[in-house]
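Listed below are the residues making up each chain.
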Amino acid sequence: MRLRINEDGIRNQVEEGIQRTLTSCLQCSKCGGGCAYTEEFDLTPRQIIESLLDCQDEKVLDSRTIWMCGKNCSGCQIICPVGLPLNEIMSVLRGVAEERSIEPKYAQPSLIYHKFEHCAKHRREGEASESMDGREA
Ligand code: SF4
Ligand code: SF4
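None of the values given here were measured: they were computed from a predicted structure.

Asker: What is the right way to look at helix α7 (residues 86–99) in this model?
Answerer: Residues spaced three or four apart along an α-helix point in a common direction, a consequence of the helix completing one turn every 3.6 residues. Compared with an ideal rise of 1.5 Å per residue, which puts 14 residues at 20 Å, α7 spans 20 Å between its outermost C-alpha atoms and is within 8% of the ideal. Within α7, the full set of buried residues consists of Leu-86, Ile-89, Met-90, Leu-93 and Ala-97. An end-on view of α7 places all buried positions within 95° of arc, on one side of the element. In this structure, α7 carries Glu-98 and Glu-99 as exposed residues pointing more than 90 degrees from its buried face. Where α7 is buried, its residues contact α1 (10–18), α2 (30–33), α3 (45–53), α4 (57–61), α5 (65–68) and α6 (76–79).

Here it is, written out as structure tokens:
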């Protein structure tokens, strides 16, 4: 991993926000490996941290991951060997993105969501058809 110094980079904002240094990340990928949402991400949480350390701010702020990771969970903090709070990291990143008027990205809705919608649609159609049958009888 390359490390550059960028005093104006968002890495500093993240580190101030979580009161931890991102260099403590071991780049072990345990966070992403144990996460149920990784298929939705375009950058893994490990890659988000790597990119922050590498001053690739635009890549991070352009990612879908920051809008999807850590919104309602913090499970990986227990798995992380150094206890980095990815949910807090993503929250800081979403705040920075909002300050810069970057639109949230949810470009690839979950396949599970699609399946759920598909099933719900057919269930609604089935119920409507049953109730029409009931009226006709
Ligand atoms: S914070 Fe939640 S969504 Fe993000 S990597 Fe950890 S478990 Fe997955
Ligand atoms: S589990 Fe922790 S140390 Fe490992 S890559 Fe994720 S944030 Fe870094």
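There's plenty left to go through after this.
Asker: Help me understand the environment of Lys-30 in this model?
Answerer: By the secondary structure assignment, Lys-30 is in helix α2. The spacing of Lys-30 and Pro-45 is 15 residues in sequence and 9.5 Å in space, taken between C-alpha atoms. Beyond its immediate chain neighbours, meaning those up to four positions away, Lys-30 contacts Ile-79, Cys-80 and Pro-81.

Asker: Can you walk me through the site of ligand 2 in this structure?
Answerer: Taken together, 14 residues surround ligand 2, and among them Cys-25, Cys-28, Lys-30, Cys-31 and Cys-80 come closest. Ranked by residue count, the leading element in the shell around ligand 2 is α3, at 3 residues. Grouping the amino acids of the shell around ligand 2 by side-chain chemistry returns 10 nonpolar, 2 polar and 2 charged.

Asker: Explain the site of ligand 1 to me, please; I cannot follow it from the model alone.
Answerer: In the vicinity of ligand 1 there are 13 residues, among which Cys-35, Cys-69, Gly-70, Cys-73 and Cys-76 approach most closely. Among the secondary structure elements, those contributing two or more residues to the shell around ligand 1 are α2 and α7. Residues that form the shell around ligand 1 fall into these classes: 8 nonpolar, 5 polar and no charged.

What counts and how
- Within each chain, residue numbers correspond to sequence positions counted from 1 in written order.
- As a convention, the first chain written is A and the first ligand written is 1, with the rest following in written order.
- Confidence filtering applies because this is a predicted model: local features only for residues at pLDDT of at least 70, side-chain atom pairs given and counted only at 80 or more, and all residues used for totals across whole chains, interfaces and linings.
- Each helix is a run of DSSP H or I of at least 4 residues and each strand a run of E of at least 2, with the numbering of both proceeding from the N terminus.
- Between the first and last residue of a helix there are one fewer steps than residues, each counted as 1.5 Å, and that sum is the expected span.
- Labels follow a simple rule on C-beta atoms placed from the backbone: if 20 or more others lie within 10 Å of a residue's own, it is buried; if 12 or fewer, it is exposed; otherwise it is partly exposed.
- Here, the arc refers to the directions that run from the helix axis to the C-beta atoms.
- In this description, any two residues whose backbone-derived C-beta atoms lie within 7 Å of each other are considered to be in contact.
- Each residue receives a C-beta atom built from its backbone; the residue is near a molecule or strand if that atom lies within 6 Å of it.
- Asp, Glu, Lys and Arg are counted as charged, while Ala, Val, Leu, Ile, Met, Phe, Trp, Tyr, Cys and Pro are counted as nonpolar; the rest, among them Gly, fall into the polar class.

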